[in-house]
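Chain and residue survey
Each chain, written out:
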Amino acid sequence: MTNPPAAKEPFNLKDEVRRAVASLEMKSTSTHSTTSDLSIDEELNLHSIGWEQVELVSGISVFSVPAGLWNWGQGEIAGASKAHAQAFNHAISRIHKEAADAGGHGVVGVHIERSVHPSHVEVSLLGTAVRPIGASPVKPEEVFVSDLSARDFALLMVAGWQPLGLACGASFVYAPRRQMSAVLQQSSQNIELTNFTEAMYSSRESAMERMQQMAIALKGTGVVQVNVVEGPMPFATHAVGFAAWGTVVRLAKESHQLMHPQMVVSLNDPTAVFDAATLA
Amino acid sequence: MTEQSGVPDVAEQRLSASSFSSGLSVSDFAACLDMGLEPVGLVQGFCAVRTTSSLNFGNGPAGFTRSTSPYQLSSGDYVENYQCPHGMVSGEHRMWGQNYQQPWIENTWRQGFTNAFTRMVKEANTIGAHGVVGVLDNVTRIGQEGVLEFSIRGTAVRVPKLPAPSSGPWTTYLAGQRLAKIIEAGYVPVSIVAAVSSVRVWASCITEYLMEGSGMTMWAQNSDSVEVEQIVSARMAARALVRNSVRAQLHGDQLHGVELNIREHEFAKGDLEIQPVLRGNRIRRFKDFDPLPAPRLTVRLS
């Protein structure tokens, strides 16, 4: 185990395959099964920082939205924003519970599916629960959930940071209808529709603020890999929405660990060929 | 066909001829040869089944219709009832709702998949393969009649000078580089694994009001946003059931590279089927991980 790599026998894939196939004739001694949607690269990355996968886990929530609120009103569509926040939080606490039950300390590579319908908001989370190799279970509230891939998770840990959980903020806002006189006056002009612009800014501000609040509540120093979805709601003519989510991180070691990236020259580049397009 | 799950005679003749066919891409084919796996033939299995009871609730196994009590309908592990809190309102009002597992659908699906799978493995066995790599499976719905066609195929491979496997060939969805990496990491493929679960949701009055928007009618409890418990519970249960079903097939091995596909079908208003399919590679550790060096960050200079 302590031998330097150079002292190892040269690796022969054919022998290894033969050994692997022959081993199937022997009885398996393992009794502990795991399930995971990670690739083998991701599993090796996890292993390199002393973590292992345990179980595929999920969290779901569906929240109803009070009927008929999308089309008429002023300011924020509070019912929809609230339903979105609640759906997200409930889905997260369910995936926490599944992960903790399976013995995981965290969930990585979480696929986040969210959809906003006129009458309800759906959030679905699916990821692989992981833990330090052989570690004992933790409580559901101590589990972290992250949409970072296992590779990014490993990189983050090596750099001295730790993921704390998902933060999400969403806000839906009415774009107020213009006065009828303004509509008539502007009907033949190319102009900015300030009601929509302002609504976008307003929903963005509330959503980002909410995401930040969630990050602070998790005692994080920042949110990485933030995803943003924004735009008018397809089912309502005067409503716009903005949602942002990402993984909350905190520096776990005393300082950021410099990683000193090593320069490599790749030897599998495609051959340079004459490209007529560059002459044009 | 000589027996129920045997290989047709002509297929046997074709497979025993001296040339091989392979479904692998050229790069996967090259990687296979690199690993010392000799392709011996493209092997396939088919099976078509019919799942009548998924058509509508009138055709359930006990002949239930929406107007009769649903209790004790399910013979599965999961069943949950939702009572109407309103009392008798009108003839159209839903007095009850139920989530229940539909084992008869799961069993038919399993039968279809297993038959197609064993037929493919039998073909591989016939031509002396040690394993089947690069497996592709496909489930096609034929028409509206609840007929499913399972088609599984893969490339049978042989390890030269190794005795024939005593318990049939191993199988994996992986091929080429990804297969090589698995083995380098100390895992040997055992089998492909797939399972389905089926949960039927007959919405209660509350659930249906909520899905239409809370506060919609005088019967809804309040005008605030409320979690739709029945749907959430059914979806969580469907995922847990399919995972447990796959786990039961692992026997202490690992499930790698899982894919979860969820099909939700609304037969009628307030009548929903949730059907997740979970597939993956069952793999077994045959040697320890080599101690791996910590990942190193690189910048490509090109």
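As shown above, the structure is provided for reference.
One structure accompanies this document, and this report is about it.

Re the overall build of chain A
Along the backbone of chain A there are six helices and nine strands. For chain A, the C-alpha radius of gyration of 25 Å lies well beyond 19 Å, the compact-globule estimate for 280 residues. Seen along its three principal axes, the alpha-carbon backbone of chain A occupies a region of about 85 × 65 × 45 Å. When contacts within chain A are restricted to residue pairs at least 6 apart in sequence, long-range pairs at least 24 apart make up 77% of them.

Some points on the overall build of chain B
When you go through chain B residue by residue, the secondary structure sums to six helices and 11 strands. Relative to its 302 residues, chain B shows a buried fraction of 43%. Long-range contacts, defined here as pairs at least 24 residues apart, represent 71% of the contacts in chain B between residues at least 6 apart.

What to know about the sheet that holds strand β1 (residues 38–50) of chain B
Residues and elements named next belong to chain B. Spatial strand order, β1-β5-β4-β6: four strands in an open sheet with mixed pairing. Every other strand in the sheet has two partners, leaving β1 and β6 (170–171) as the edge strands with one partner each. Here β1 pairs with strand β5 (residues 147–158) via 12 bridges, running antiparallel. Looking at the pairing, Gln44 lines up with Arg153 of β5.

Observations concerning the environment of Ser203 of chain A
All names here are of chain A. For Ser203, the position within the fold is in helix α6 (residues 194–217). Ser203 sits 30 residues away from Val173 along the chain, and the two C-alpha atoms are 5.8 Å apart. When sequence neighbours within four positions are dropped, the list of residues in contact with Ser203 reads Ser171, Phe172, Val173, Val240, Gly241 and Phe242.

Looking at the pairing of strand β3 (residues 96–101) of chain B
Residues and elements named next belong to chain B. Most of β3 is tucked away, with five of its six residues classed as buried. Sheet topology places strand β2 (residues 79–83) next to β3; five bridges connect them, and they run antiparallel. Within β3, the residue paired with Tyr82 across the bridge is Gly97. Relative to strand β8 (residues 199–202), β3 runs antiparallel, the two sharing four bridges. Residue pairing in the sheet places Asn99 in a bridge with Val201 of β8.

Quick look at the packing of helix α1 (residues 13–23) of chain A against helix α4 (residues 176–184) of chain B
The geometry of α1 of chain A relative to α4 of chain B is characterised by a closest axis approach of 10 Å and an angle of 75° between their N-to-C directions. Overall, the two elements α1 of chain A and α4 of chain B adopt an arrangement that is roughly perpendicular. For the pair α1 of chain A and α4 of chain B, the contacting residues are Leu13, Glu16, Val17 and Ala20 of chain A in the first and Ala180, Ile183 and Glu184 of chain B in the second. Broken down by class, the residue content of the contact of α1 of chain A with α4 of chain B amounts to five nonpolar, no polar and two charged.

Notes on the interface of chain B and chain A
Residue-level contacts link 67 residues of chain B with 60 residues of chain A. At the level of secondary structure, the elements contributing two or more residues to the side of chain B that touches chain A comprise α4, β7 (187–196), α5 (205–211), α6 (229–247), β9 (254–268), β10 (271–285) and β11 (298–300) of chain B. By residue class, the composition of the side of chain B that touches chain A is 34 nonpolar, 16 polar and 17 charged. Summarising the sheet, strand β1 (residues 34–35) of chain A and β9 of chain B pair through two bridges and their orientation is parallel.

Comments concerning the pairing of β8 of chain B
Residue and element names in this part refer to chain B. Alternating positions in β8 separate into two faces, Val199 and Val201 on one and Arg200 and Trp202 on the other, with burial throughout. Direction of pairing for β8 relative to β10: antiparallel, over a ladder of four bridges. Bridge assignment links Val199 to a residue of β10, and that residue is Ile274.

Some remarks on unusual backbone geometry
Positioned with a positive phi, Gln225 of chain A is a non-glycine residue whose angle comes to about 50°. By the secondary structure assignment, Gln225 of chain A is in strand β7 (residues 222–232). Phi angles above zero are rare outside glycine, and Lys161 of chain B is one such case at about 60°. Mapped onto the elements, Lys161 of chain B comes out in the loop between β5 and β6.

A closer look at helix α3 (residues 78–101) of chain A
Here α3 of chain A contains 24 residues, and its C-alpha end-to-end distance of 35 Å stays within 8% of the 34 Å for a straight helix at 1.5 Å per residue. Looking one or two residues past α3 of chain A, Gly103 of chain A carries a phi angle of roughly 90°, positive in sign.

With respect to the sheet that holds β7 of chain A
Residue and element names in this part refer to chain A. An order of β6-β8-β7 is seen for the three strands of this open sheet, with the pairing classed as antiparallel. The outermost strands of the open sheet, each flanked by one partner alone, are β6 (161–174) and β7. Averaged over neighbouring strand pairs, the angle between their axes works out to 10° when direction is ignored. Sheet topology note: the β6/strand β8 (residues 239–251) ladder contains 13 bridges and is antiparallel. Within the sheet, the bridge partner assigned to Gln162 lies in β8 and is Arg250. Lying on the sheet, α6 is in contact with β6, β7 and β8; it crosses β6 at an angle near 150°.

Each value, and the rule that gives it
Residues numbered from 1 in each chain as written. Chains lettered and ligands numbered in written order. Predicted model: local features only at pLDDT ≥ 70, side-chain atom pairs only at ≥ 80, totals over all residues. Helix = DSSP H or I, 4+ residues; strand = E, 2+ residues; numbered from the N terminus. Rg over C-alpha atoms; globule rule 2.2 N^0.38 Å. Contact = placed C-beta atoms within 7 Å. Buried ≥ 20, exposed ≤ 12 C-beta atoms within 10 Å, placed from the backbone. Pairing = 2+ DSSP bridges. Axes fitted to C-alpha atoms, helices over the stretch in contact; angles between N-to-C directions. Parallel < 35°, antiparallel > 145°, perpendicular 65-115°, else oblique. Nonpolar A, V, L, I, M, F, W, Y, C, P; charged D, E, K, R; others polar. Expected span 1.5 Å × (residues − 1).

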